[in-house]
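Okay, here's what each chain looks like letter by letter:
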Amino acid sequence: ATYFRAAGVRAVNMSWGGSLRGIEGALEAHDVGATPEERRALARKIYNIGDEALREAIAGSPDILFITSAGNADNDIRFDEFYPSSYDYPNLLTVGAVDLAGDETSFTSLGKVDIYGNGFEVESFVPGGNRLEFSGTSMSSPQVLNLAAKLLALEPELSVAELRQLIIDGAEEKALASRTIRLLNPKASLQLLQARDG
């Protein structure tokens, strides 16, 4: 975060994350820890190191919009310990994945998801210049960053709060059986910016 602040970075894509459960699973897979209790304690220690550092970096960079993928565990990130997707900061957007029809994918994590973008079979560049279709919230999160960059290119003086609000307010609401989600709508967000400046 220090580098970002020094370089004047305004928005960052974070298509990654970690969880307490994931760390514990990795320790078990590598036969670390003599007992399950010892493994749990070590996993908690490792998780807390990353969690505290990320919280400090995000909270200490209020002029940067951090955009993170929700995760692909089909779980509720409000209750499972995930970083940074479960965080609630005014300069953070958590992005879930929908398919081209705007329906939630079977893998997207739920809960504290601010906005959804296409994360199903998205054409992606891989080393060597080839293209493959990948699915995941790591495919949807960069689309939100793309919109943030366009909004900032048109209006560099936008505050993080204004930038975040333009993305959220431009989103299309979709009613599901138990809740309403917001679908990324770049055209509407850009129109909101133009109307604001017009």
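Draft legend 1. Geometry of a nonpolar patch on the surface. Taken together, the side chains of Val32, Leu42 and Ile46 make up a nonpolar region of the molecular surface, amounting to roughly 190 Å² of accessible area. Mapped onto the elements, Leu42 comes out in helix H3 (residues 36–59).

Draft legend 2. Layout of the packing of helix H5 (residues 160–170) against helix H6 (residues 186–197). Viewed as axis vectors pointing N to C, H5 and H6 meet at an angle of 125°, and their least axial separation amounts to 7 Å. When the axes of H5 and H6 are compared, the pair comes out oblique. For the pair H5 and H6, the sense of crossing is right-handed. Residues Glu162, Leu166, Ile167, Asp169 and Gly170 of H5 lie in contact with H6, whose contacting residues are Ala188, Ser189, Leu192, Leu193 and Arg196. When the residues that make up the contact of H5 with H6 are grouped by side-chain class, the tally is five nonpolar, two polar and three charged.

Draft legend 3. Region of interest: helix H4 (residues 137–154). Here H4 spans 27 Å end to end across 18 residues, near enough to the 26 Å set by a 1.5 Å rise per residue. Every buried residue belonging to H4 is among Thr137, Met139, Ser140, Ser141, Val144, Leu147, Ala148, Leu151 and Leu152, and all of these are buried.

Draft legend 4. Looking closely at the packing of aromatic side chains. Applying the stated criterion across every chain yields a total of three aromatic pairs. Seen from their ring centres, Tyr47 and Tyr83 are 5.0 Å apart, and the 40° between their planes marks the pair as tilted. Of the two residues, Tyr47 is situated in helix H3 and Tyr83 in strand E4 (residues 82–83); the sequence distance between them amounts to 36 residues. Residue Tyr47 is classed as buried on the basis of its relative accessible area, which comes to 3%.

What counts, and at which threshold
Residues numbered from 1 in each chain as written. Predicted model: local features only at pLDDT ≥ 70, side-chain atom pairs only at ≥ 80, totals over all residues. Heavy atoms only, no water. Patch = residues over 30% accessible without salt bridge, like charges linked within 9 Å, V, L, I, M, F, W, Y side chains within 5 Å. Areas by Shrake-Rupley, 256 points an atom, 1.4 Å probe, with all protein chains shown as cover. Salt bridge = Lys/Arg side-chain N within 4 Å of Asp/Glu carboxyl O. Helix = DSSP H or I, 4+ residues; strand = E, 2+ residues; numbered from the N terminus. Axes fitted to C-alpha atoms, helices over the stretch in contact; angles between N-to-C directions. Parallel < 35°, antiparallel > 145°, perpendicular 65-115°, else oblique. Left-handed = near helix turned anticlockwise from the far one by under 90°. Contact = heavy atoms within 4.5 Å. Nonpolar A, V, L, I, M, F, W, Y, C, P; charged D, E, K, R; others polar. Expected span 1.5 Å × (residues − 1). Buried < 20%, exposed > 50% of the residue type's maximum accessible area, 1.4 Å probe, protein only. Phe/Tyr/Trp six-rings, centres within 6.5 Å; stacked < 30°, edge-to-face > 60°.

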